[in-house]
Amino acid sequence: MKIKGTVFEIILYIIAFAGAAIMLMPFIWMIVTSLKLPEEVQIFPPTWGTVNALSIRDINASIDHSTYSSVNYSALSLQQFLNVGQGRTSSASNVLTVNFAGTPPLRGTIYLTLGNGNPIKYATEVNMSKVEDLITNVDSMIYPANYQNQISELKSLSANPDEYMKAFLNIFRYGSNPILSRIDFTKNFAQAVNSATETAKMFMPALLRNQALNVSDEDASSVVAQKDFVKSFLSSNDFFTESDSMLSGVLNYKKGMGTLSSDIPSVEGIMQNFLNKFDLKTILISKFGRIDPSLNVLVNFYEQRIMNPIIGYYDLLKSYDLVVDFYNNSKQLTVENPQMIFTFFTPAEQTVRLEGAIKNSTLPSTYMNIALNIIKAGHTSHFIDDFINETDTMVKTDLLSIGLNQSEADNAFRGISSVVTNMKILYGVLNSSEQSELNRMISEYAGNWNELSQKIADAFGSDHPNSTGVLTGNSGQLAYIGSGFSSYKNQMEVERLLSVSWSNYLAVTNVTDIYNNTYYTMKIIKAPSIVSSIQYFPSNGNVKIFLNAVNSVWFLTLPVKVEAHFNFSQIFANLFESYVQAWNAAPFARYYLNTVFVAVVTTFLNIVFGVMAAFAFSKLHFAGRNFFFMLFIATMMIPGEVLLVPNFITIVHFGWLNTYYALIIPWAVSAFTIFLIRQNFMSVPDELLDAAKIDGASRWRFLWTIMVPLSRPVIITGALLNFVGSWNAFLWVLIVTNEPSMRTLPVGLQNFSSNAGTIYNQLMAASTFTMLPIVILFLFAQRYFIEGIARTGIK
Amino acid sequence: MHNKMRLWENISGYLFILPALVIMSVFVFWPVGYSFYLSFFNWDYAHLKNPSFIGLQNYIQLFELNTPPPYSFLKALVYDGFYISISILTLFAIYLLVDIVISKRVKILDAIYIFGITIFSLIFFNATLSAMNILPYLTFIFIAAAVGLVIFKKREFISRMTGHFFTLFLISGAIYLVLRFAFPSNYGIYQWLNAVKESSDFIKSIWNTAYYVILYVPADIILALLVALFLNRLKLFKAFLRTSYFMPFVTSIVAISLVWQWLYNDQYGLINYFLSFIGISPVAWLKSDVWTIPTIAIMSVWKTIGYNAIIFLAGLQSIDKSYYEAADIDGATNSQKLTYITWPLLSPMTFFVLIVSVIGAFKVFTEVYVLYQAVPGPYNNSGLTIVYYIFQTFYTNQQMGLASAAAYILFAIILVFTLIQFRAGQKRVEYL
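This text gives an overview of the structure that appears in the document. (Residues numbered from 1 in each chain as written. Chains lettered and ligands numbered in written order. Predicted model: local features only at pLDDT ≥ 70, side-chain atom pairs only at ≥ 80, totals over all residues. Heavy atoms only, no water.)

**Some words on the overall build of chain A**
Next, step 1: Broken down by element type, chain A carries 36 helices and 11 strands.
Next, step 2: The principal-axis extent of the C-alpha atoms belonging to chain A is close to 155 × 105 × 55 Å.
Next, step 3: Going through the 795 residues of chain A one by one, you find that 50% of them count as buried.
Next, step 4: A total of about 36,800 Å² of accessible surface is found on chain A, and carbon and sulfur atoms cover 56% of it.
Next, step 5: When the 52 basic and 57 acidic side-chain charges of chain A are each reduced to a single mean position, those positions are 12 Å apart. (Helix = DSSP H or I, 4+ residues; strand = E, 2+ residues; numbered from the N terminus. Buried < 20%, exposed > 50% of the residue type's maximum accessible area, 1.4 Å probe, protein only. Areas by Shrake-Rupley, 256 points an atom, 1.4 Å probe, with all protein chains shown as cover. Lys, Arg positive; Asp, Glu negative; His and termini not counted. Charge placed at Lys NZ, Arg CZ, Asp CG, Glu CD.)

Structure, rendered in structure tokens:
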């Protein structure tokens, strides 16, 4: 019997614990989700661990090929093509860009290895004659019509073999529609084969009947043999069966990882097999030494209409082979240890470096001083914004100093800024010599906008009509805004400030470049000698590796292995990254402040007023006591929702919308608290009050020095319940506040959730720190909560 | 002297309650009346400056149907009245049977009367329903029942029934459901409301709220009772268990709703993940209007189970141990102790918790608002509750008068339950 009882008990325990697990599961899941990386959140099946907790994190990385891939070469003119290749500063030829997939690490040390960890090879110069041979070979091949233009355009890069190979690899492998894309290649090849077979079906019988095949008496035996051979060749049906099997063989490679490049030997083999059997021209030459002239037309017809479509694709693969062989064979130099280790500079280091970079730059001294002052003041986190502000202030004070009043100055500033904005656009489409021309013009003619407008129109109007048209002419900005200045007494001085504003802009651009270069440059702990510097952009997960006079093309085909290593405090920061992000995404500090303030004050008032009223209802005797008490108790029966509309109207009447008054005053009294405390006061003997009266103590003093301490547990319970209720209040706060600055945590959280949408890790983090104080409070004061709640049941 | 003291006593009393009184007056007493007053006015966006008195128009507008109902409410009432009266008669018949069995005496007249009417009604149920006009039958039944009650008021089997209103309610409710399933009909209050709820937002909100209450309250009470029984019985880890069951209650409903929103996610949510272990394919919890109310109910049960369990626990612990000891001496088993001691002595508290839960459940709003991101349900207003309706009407549409009217209807509903609790509370005092 005892065993049965114990078994029963054990079962009960299991059920109870299962229930407890269900109760706690949402909390645990909330915390787990809040610690995860964004890409780990929305996966199925869900995971309970997170990569964030690891000290070594593998990062999925690959070489970035996007530099050329978005360009469709066949659509460009040669000039444009050359511009694309050379005009982009961010994709300079010695920069190797690596992309990180997923969320890029924001701290820690990064270990980046090019290749598989084995030494890698590269080159600094290639044999130019070999390049010429290569290009000639590539160019001499036959290609399918849709690729012909692309490949022949490449010839224009022959002077720059590194770029040639880069472009070649991109066209064939890495672009957005690479030639070697499995699906595209097989699809196009199938089309070609099908059209070749259709042509063959149509024409081979006709070719058979061609006069050229008629054996005449003058024919030598070799010729006869040739003709017989060709006849039997054309009449066999092997062509069709073989071409089918070739096609299906090639189509096998439609599925697979990456591009066709890894399977080229096999595909070439299949094609070669077919061509060996059916490339009539080559067969005849190898068999008979030469083709009899009488058969030339026929054979050429066969070659061009039936064979060349297929040969074109074979040649594509072959030319790829050629270039890749050349590429691989040119790599003469070796990097023994192609691993780079780099990390972030500390903020202090960054400041020093930024200062150094500014001092070494080509900035004019006024701007240099401004920048250095900002750094000295310690505001490096919003350095650029401060710099822009300072330079703008320069112009504004100048405007005031030449005699304009405040509103005129503001007006003039807006006008000048507007002109500068449009000048920026023009500046962006000019080449570098034109740009310096424009700069000179501005500094020389800034005092007279009409003249400046004329000069700009003359110099650039024909080449860039759109960009100049906004500025110049009678309806252009210079004329329009300039005419607005005609009422100012120092119009020329005002207009001259354009040159100051313009040089501000140039300085800002310069400073931004310096800042970005400094800020995003990483501290290299170890790197091969060919690496001169490394930049890392955590916002988009790009790493730019700057090489020392080595073209990045040599590393384009390599895999990349990246690991991020974190020390203990960095792991901690990683785990709580979502919390930081959520906190910054909405004014949670303000929400916290509001919530704490409102809850504390409300609770305090509730207790004070409640204690007073409870005392009166329990110990004092006055007319109408029972009536008022019943009235108060009756209010507990009224649902708050009934009072919503009128209370809102009252609040509006008092002008208390969006103030603390609206959040506190209506809740400063709670009938429940009064009831709770009164129950407790009732159990205090009346004799105490009488004794106090005899001693001469006032009722007030008696209340606070004797009654309250005696009822401390109940009062604490009441205070706790009130505090929690106020902290968690939602509907009322939603209605009486619409400014973010006055919201409490629940409303702020709800607002944040509607903005954050599905960023669940941040949402869960926000939920966690919203409920954390209350949970901690509860854990410490459990006893009071539970006893208080229990008490409500036993009336 | 004495009068002066009395005066001072009075004044000091008033002074002590003054702050509370002032605030209560401004923010409770005044609004209650003003809300009632407002509900008779046409005060909305168009009439902000000059609200006009429109009498009961707001109330009528609440229940106004956009499309006409399939049949009139009266017909539904009549048909349902028929079912209800038959179930009450059947109830009488059952009690009479019980009385006969127990007292082993048969009062012929009573037997003929009750059994006759009951059997007659049941046999001719179908015929009655299909008849074009059931009013004569209904009238007959009502009169018969009334006469019967008057005559039989003093009879024993009636006395067996008095005082157990809750049990009577449950039994007749069960009989009603059995009748409904045995003799189905397209007409009735439930069917009428079901058809009509799509034509009026307010009726839909009442429907949704009632559905929520029916789902939430029994589940919460039963589970909380079980938890309380566990907690009362198990000695080890009491503190841990108590904390884990109670913790959801103190947390903010907004934060909890967000967490549950993530749990309910149909692709990546934990709930669907666990369901997949037992072979149930993913449920689109938050995107299907069928699941709107159940999702809220499940979350609410999770949140408040601890709170109610603690109350029950207090009640369990207040039962005098001597009862149990006496039972032990008599050799009672655990289940016997549960049925004959625990349950009866706990039932007043159970009733109290029940009513309080019902009242609280009627006020559901924040859960819907946060779980569905400021929309009452994925579509079709499937999550529109009464308070949500009030909120929408007042805050979004700025129709103050209409909102006040709706609030007062809510008040009336809650008041009914409050009064039930009040009367039951008084009866409880009579027990103990």
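**Focus on the overall build of chain B**
Next, step 1: Helix and strand counts for chain B stand at 19 helices and 2 strands.
Next, step 2: The buried share of chain B, reckoned over its 432 residues, is 49%.
Next, step 3: Long-range contacts, defined as pairs at least 24 residues apart, comprise 72% of the intrachain contacts of chain B with a sequence gap of at least 6.
Next, step 4: Accessible surface for chain B amounts to roughly 21,600 Å². Of this, 70% is attributable to carbon and sulfur atoms. (Contact = heavy atoms within 4.5 Å.)

**Description of the sheet that holds strand β4 (residues 109-114) of chain A**
Residue and element names in this part refer to chain A.
Next, step 1: Pairing within the open sheet is antiparallel, and its 5 strands lie in the order β1-β11-β4-β7-β8. On the outer flanks of this sheet lie β1 (56-59) and β8 (523-526), each paired with one strand and no other. When the angles between neighbouring strand axes are averaged without regard to direction, this sheet yields 25 degrees.
Next, step 2: Examined bridge by bridge, strand β7 (residues 339-343) and β8 share 3 bridges and lie antiparallel to one another. Residue I341 lies in a different strand from β8, and its bridge partner there is K526. (Pairing = 2+ DSSP bridges. Axes fitted to C-alpha atoms, helices over the stretch in contact; angles between N-to-C directions.)

**Structural notes on the side chain of Q535 of chain A**
All names here are of chain A.
Next, step 1: Take Q535: it is sitting in strand β9 (residues 531-537).
Next, step 2: A relative accessible area of 7% places Q535 in the buried class.
Next, step 3: In terms of polar contacts, Q535 uses its side chain to reach the side chain of N517, at 2.7 Å.
Next, step 4: Apart from the residues within four sequence positions on either side, Q535 is in contact with N517, Y520, T521, M522, N542, V543, K544 and F546. (Polar contact = N/O pair within 3.5 Å; in protein donor to acceptor, adjacent residues only side chain to side chain.)

**Focus: unusual backbone geometry**
Residues and elements named next belong to chain A.
Next, step 1: Looking along the chain, the bond that leaves F44 and enters P45 is cis, with omega of 0 degrees.
Next, step 2: As for its placement among the helices and strands, P45 is situated in the loop between α2 (38-41) and β1.
Next, step 3: The phi torsion at N658 lies on the positive side, around 60 degrees, for a residue other than glycine.
Next, step 4: Summarising the element assignment, N658 is placed in the loop between α27 (640-654) and α28 (660-664).
Next, step 5: On the accessibility criterion, N658 (19% relative accessible area) is buried.

**Here we look at the interface of chain A and chain B**
Next, step 1: Between chain A and chain B, the contact holds 94 residues from the first and 89 residues from the second.
Next, step 2: Buried surface at the junction of chain A and chain B, both sides included, amounts to about 8,600 Å², of which 79% is carbon and sulfur.
Next, step 3: Linking chain A to chain B there are 1 salt bridge.
Next, step 4: The salt bridge involving R233 of chain B is made with E9 of chain A; its shortest N-O contact spans 3.2 Å.
Next, step 5: Taken together, the connections running from chain A to chain B amount to 17 residue pairs in polar contact (both at pLDDT 80 or more).
Next, step 6: The element best represented in the side of chain A that touches chain B is helix α1 (residues 2-35) of chain A, accounting for 18 residues. (Buried area = accessible area lost by both parts, 1.4 Å probe. Salt bridge = Lys/Arg side-chain N within 4 Å of Asp/Glu carboxyl O.)

**Observations regarding the nonpolar core**
All names here are of chain A.
Next, step 1: Grouped together as the largest cluster of nonpolar side chains are 301 residues, with contacts concentrated most on L112, L114, F239, Y302, W554 and F555.
Next, step 2: Setting aside residues no more than four positions away along its own chain, Y302 makes contact with M204, F233, L234, F239, F278, L280 and M307.
Next, step 3: The next biggest cluster of nonpolar side chains, apart from the first, holds 32 residues, and it includes V395, A446, L478 and L498. (Core = buried A, V, L, I, M, F, W, Y, C linked by side-chain atoms within 4.5 Å.)

**Digging into helix α16 (residues 334-362) of chain B**
Next, step 1: With 29 residues, α16 of chain B ought to run about 42 Å at 1.5 Å a step, yet its terminal C-alpha atoms sit only 36 Å apart, falling short of that.
Next, step 2: The largest bend in α16 of chain B amounts to roughly 50 degrees and is located at S347 of chain B, with the proline P348 of chain B lying one to four residues further along. (Expected span 1.5 Å × (residues − 1). Bend = angle between axes of the 7 residues up to and from the residue.)

**Notes on the packing of aromatic side chains**
All names here are of chain A.
Next, step 1: This structure, assessed with the given rule, holds 97 aromatic pairs over all chains.
Next, step 2: Taking the centre distance of 5.6 Å and the plane angle of 50 degrees together, the rings of F100 and Y536 count as tilted. Highlighted residues: F100 in strand β3 (residues 95-100) and Y536 in strand β9, separated in sequence by 436 residues. Each of the two residues, F100 as well as Y536, counts as buried.
Next, step 3: Among the aromatic residues, those joined into a ring-pair cluster are F572, F576, Y579, W583, F588, Y591, Y592, F723, W727, F752 and F769.
Next, step 4: A cation over an aromatic ring shows up here: R678 above the ring of F629, its NZ or CZ 4.0 Å from the ring centre. (Phe/Tyr/Trp six-rings, centres within 6.5 Å; stacked < 30°, edge-to-face > 60°. Lys NZ or Arg CZ within 6 Å of the ring centre and 35° of its normal.)

**Topic: the packing of helix α10 (residues 201-233) of chain B against helix α14 (residues 292-318) of chain B**
Residue and element names in this part refer to chain B.
Next, step 1: Where α10 contacts α14, the two axes come as close as 6 Å, and the packing angle between them is 40 degrees. With respect to α14, the axis of α10 lies oblique. Of the two elements, α10 crosses α14, and the hand of that crossing is right-handed. (Parallel < 35°, antiparallel > 145°, perpendicular 65-115°, else oblique. Left-handed = near helix turned anticlockwise from the far one by under 90°.)

**Points about the pattern of salt bridges**
Residue and element names in this part refer to chain A.
Next, step 1: Evaluation of the coordinates by the stated rule reveals 18 salt bridges over all chains.
Next, step 2: D321 is the salt-bridge partner of K318, the closest N and O atoms lying 4.0 Å from each other. Of this pair, K318 and D321 both sit in helix α13 (residues 296-330), 3 residues apart, which is roughly one turn of the helix.
Next, step 3: Classification of K318 as partly exposed rests on a relative accessible area of 29%.

**Some remarks on the sheet that holds β9 of chain A**
Residue and element names in this part refer to chain A.
Next, step 1: Taking strand neighbours across the sheet as the criterion, the 4 strands line up as β2-β3-β10-β9 in an open arrangement whose pairing is antiparallel. Every interior strand has two partners, whereas the edge strands, β2 (61-63) and β9, have only one. Going across the sheet, the axis of each strand differs from the next one's by a mean of 20 degrees, ignoring polarity.
Next, step 2: Direction of pairing for β9 relative to strand β10 (residues 542-547): antiparallel, over a ladder of 6 bridges. By the bridge assignment, V531 is partnered in β10 with L547.

**Comments concerning the pairing of β7 of chain A**
Residue and element names in this part refer to chain A.
Next, step 1: The buried fraction of β7 amounts to 4 of the 5 residues, a majority that puts the element mostly inside the structure.
Next, step 2: The pairing of β4 with β7 spans 5 bridges and is antiparallel. Considered in β7, the bridge of Y111 is made with I341.

**Regarding a nonpolar patch on the surface**
Next, step 1: Taken together, the side chains of I28 and W48 of chain A together with F274, F277, I278 and I280 of chain B make up a nonpolar region of the molecular surface, amounting to roughly 600 Å² of accessible area.
Next, step 2: Structurally, I28 of chain A can be placed in helix α1. (Patch = residues over 30% accessible without salt bridge, like charges linked within 9 Å, V, L, I, M, F, W, Y side chains within 5 Å.)

**Comments concerning the side chain of T737 of chain A**
Next, step 1: Residue placement: T737 of chain A occurs in the loop between α33 (731-736) and α34 (745-756).
Next, step 2: In terms of polar contacts, T737 of chain A uses its side chain to reach the backbone carbonyl oxygen of V733 of chain A, at 2.7 Å.
Next, step 3: Leave out the neighbours within four places in its chain, and T737 of chain A touches N658, L663, M742 and R743 of chain A together with Y395 of chain B.

**Overview of the environment of L313 of chain B**
All names here are of chain B.
Next, step 1: Looking at the element boundaries, L313 is found in helix α14.
Next, step 2: Along the primary structure L313 and L226 are separated by 87 residues, whereas in three dimensions their C-alpha atoms are 10.0 Å apart.
Next, step 3: If we ignore the near neighbours within four places in the chain, the residues touching L313 are A228, L231 and N232.

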